[in-house]
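Residue-level structure breakdown
The lines below spell out each chain.
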Amino acid sequence: MADAPNIPDEAEVRARWGAFAWTPENAEKAKQVIARYPAGRQRSAVMPLLDLAQRQVGAETNTQGWLPVPVIEYVAAALDMPFIRAYEVATFYTMYNLAPVGRYHVQLCGTTPCLLRGSDDVMAACKNRGMVKGRTTPDGLFTLTEVECIGNCTNAPVVQINDDNYEDLDYDSMTRILDALAAGEQPKTGTQNPQRRTSEPEGGPTTLKEMVDANHDYRKDW
């Protein structure tokens, strides 16, 4: 698994992020999020507000974002909750980054289904681009983290890059995805198998075929 997060010096973090505050746009979003919950239950908004804060940090640093301690303190104060309660949430869920990451956070699943389906080849594609688990590349572009199950075993092996999943990967397809991101392009998300749609079997459905309209694109119904 990845090494422990490489958290910067506390004095540097506080000097940079001690005056963190919502942008006007995010202040309005935070207000709307808090309004979803009954009076006195505003602490329930801690998860979406931590995510919003991480995204604001990401926008300011041109990265996927992370949660410096002063930023977590700011969110906790906004919700009138002890800092430690917000910190417990941030440290429990892997969607929150506790250390700086690159522009693209590559989270590679190394659990058994992905391993059996070739995640080692996907890891090799990452390493051949200079990535090291738990570290950010010198150009600040990629951070590589090996994670537990992403919950998409049918399409193993899988990686999550920022908000998108890339599925049915092999060495070549992962290399293409990384090349596209490095070039500022948006690669195709989801399955990388051209003979597959979402998580259907290759070649299409194998059951209830009589219910399938071959001329209808069911993806438009979702």
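Rules and cut-offs
- Residues numbered from 1 in each chain as written.
- Predicted model: local features only at pLDDT ≥ 70, side-chain atom pairs only at ≥ 80, totals over all residues.
- Heavy atoms only, no water.
- UniProt positions renumbered as here; feature names shortened; annotations may be inferred.
- Pairing = 2+ DSSP bridges.
- Helix = DSSP H or I, 4+ residues; strand = E, 2+ residues; numbered from the N terminus.
- Contact = heavy atoms within 4.5 Å.
- Axes fitted to C-alpha atoms, helices over the stretch in contact; angles between N-to-C directions.
- Buried < 20%, exposed > 50% of the residue type's maximum accessible area, 1.4 Å probe, protein only.

By the naming in an unreviewed UniProt entry, the chain goes by NADH-quinone oxidoreductase subunit E and is assigned to Sphingopyxis panaciterrulae. Among the UniProt annotations of the chain, the heading Sequence similarities (unreviewed entry) holds the following wording: "Belongs to the complex I 24 kDa subunit family." Recorded under Catalytic activity (unreviewed entry), the UniProt text for the chain is reproduced unchanged: "a quinone + NADH + 5 H(+)(in) = a quinol + NAD(+) + 4 H(+)(out)".

Here we come to the sheet that holds strand β3 (residues 159-161). The strand order across the open sheet formed by five strands is β2-β1-β3-β4-β5, and the pairing between neighbours is mixed. Looking at the sheet topology across the chains shown, the edges are occupied by β2 (142-147) and β5 (190-191). Note that strand β1 (residues 104-109) and β2 share six bridges and pair parallel. Bridging across to β2, Q107 finds its partner in T145. Along the sheet, helix α7 (residues 119-127) contacts β1, β2 and β3; its crossing angle with β1, the most-contacted strand, is approximately 155°. Relative to β3, helix α8 (residues 171-182) is tilted by about 5°, and along the sheet it contacts β1, β2, β3 and β4 (164-167).

Note the cis peptide between A156 and P157, where omega equals -5°. Here P157 is to be found in the loop between β2 and β3. You will see that N62, though not glycine, has its phi angle at about 55°, which is positive. Tracing the sequence through the fold places N62 in the loop between α3 (46-61) and α4 (69-78). The class for N62 is exposed, based on a relative accessible area of 54%. Of note in this structure, D168 is not a glycine but carries a positive phi near 55°. We classify D168 as buried; its relative accessible area is 12%.

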